[in-house]
Amino acid sequence: MPKAFDTWQVFPHRPLERLTENLWRVEGDLPGGQGTRVMTIAKLADGRLVVHNAIALEEDLMKEIDAFGTVSAIVVPNGFHRLDSKVYKQRYPNAKVYCPASTTKKVAQVVPVDGSYADVPHDDSVKCYHLDGTKDGEGVLEVKSSSGTTLTFNDAICNLPKLSGFVGFFLAPTGEASVPRFTRWMIAKDKQAFRGHLERLAKTENLSRIIVSHGKMITDAPGAELGRIASAL
């Protein structure tokens, strides 16, 4: 399991993307060339920000985030995604930390946890919820914007290029958007319930994009693609 950072460290990353009026995204490299990860930032109507899978950025970019809104919720999407949770809490001491309910013990090893996905600040446009069939071990950040609805997954779905070796085996099938082997083995405890939830999410009205924590966004017919992913389970 990755060790959380004690100090603010910035690793190479792509540009900060302003996807919609209330949704930003940035993809960054993991330390040691171990792949990539994605941070998603959602803005509530009252100006509070929900930061999903926090990534430390340069000071000028952090100031842009602070100008976007007030960081009030730091969402740690599971016990393997804790790298920058501690330093974000240090930077934003008034923000509360949330994680999927069954991962609280692991996340709390590095940062105090204030609640589960059921407790994340929400409104008509932004909400978090657990995924069925995961025993509250994974969840989704849902954001409604003028351009449609965005679903942000963590390790439930990946969209990685073709990979070989142990990593390729562990995350298979790669080269397409999929539920990786890791998730099927360790997270999807009830595959029928998990598949059913993905199928319902595939029918989300005005679904415009799917963000994943590892890999490219899905923007081409995301509902149909999510349905295909579910049917492959």
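Up top is the structure.
Residues numbered from 1 in each chain as written. Predicted model: local features only at pLDDT ≥ 70, side-chain atom pairs only at ≥ 80, totals over all residues. Heavy atoms only, no water.

(A) Looking closely at the pattern of salt bridges. With the rule as written, the count across this model stands at 13 salt bridges. Linking Asp 6 and Lys 86 is a salt bridge whose minimum nitrogen-to-oxygen distance equals 2.7 Å. You can see Asp 6 sitting in the segment before strand 1 (17-20) and its partner Lys 86 sitting in helix 2 (residues 85-91), a full 80 residues away along the chain. Each of Lys 3, Asp 6 and Lys 86 takes part in salt bridges that share partners, so that together they form one network. (Salt bridge = Lys/Arg side-chain N within 4 Å of Asp/Glu carboxyl O. Helix = DSSP H or I, 4+ residues; strand = E, 2+ residues; numbered from the N terminus.)

(B) Representation of the side chain of Asn 154 within the structure. Inspection of the secondary structure assignment puts Asn 154 in the loop between strand 9 (148-152) and strand 10 (158-159). Taking relative accessible area as the criterion, Asn 154 reaches 0% and is therefore assigned buried. Reaching out from Asn 154, the side chain makes a polar contact with the side chain of His 81 at a distance of 3.4 Å. Within the structure, Asn 154 has its side chain in polar contact with the side chain of Glu 138 (distance 3.3 Å). If we ignore the near neighbours within four places in the chain, the residues touching Asn 154 are His 52, Pro 77, Asn 78, His 81, Glu 138, Gly 139 and Ser 213. (Buried < 20%, exposed > 50% of the residue type's maximum accessible area, 1.4 Å probe, protein only. Polar contact = N/O pair within 3.5 Å; in protein donor to acceptor, adjacent residues only side chain to side chain. Contact = heavy atoms within 4.5 Å.)

(C) Representation of the packing of aromatic side chains. Applying the stated criterion across every chain yields a total of five aromatic pairs. Look at Trp 24 and Phe 68: their rings are 4.0 Å apart centre to centre, the planes differ by 5°, and that puts the pair in the stacked class. With Trp 24 in strand 2 (residues 23-29) and Phe 68 in helix 1 (residues 59-68), the pair connects residues that are 44 residues apart, well separated along the chain. Both residues of the pair, Trp 24 and Phe 68, belong to the buried class. Their ring planes at 85° and their centres at 5.6 Å tell us that Phe 80 and Phe 182 sit as a pair that is edge-to-face. Here Phe 182 lies in helix 5 (residues 181-186) and Phe 80 lies in the loop between strand 5 (70-75) and helix 2, a separation of 102 residues in the sequence. Ring pairing ties together the aromatic residues Trp 8, Tyr 88 and Tyr 92, which thus form one cluster. (Phe/Tyr/Trp six-rings, centres within 6.5 Å; stacked < 30°, edge-to-face > 60°.)

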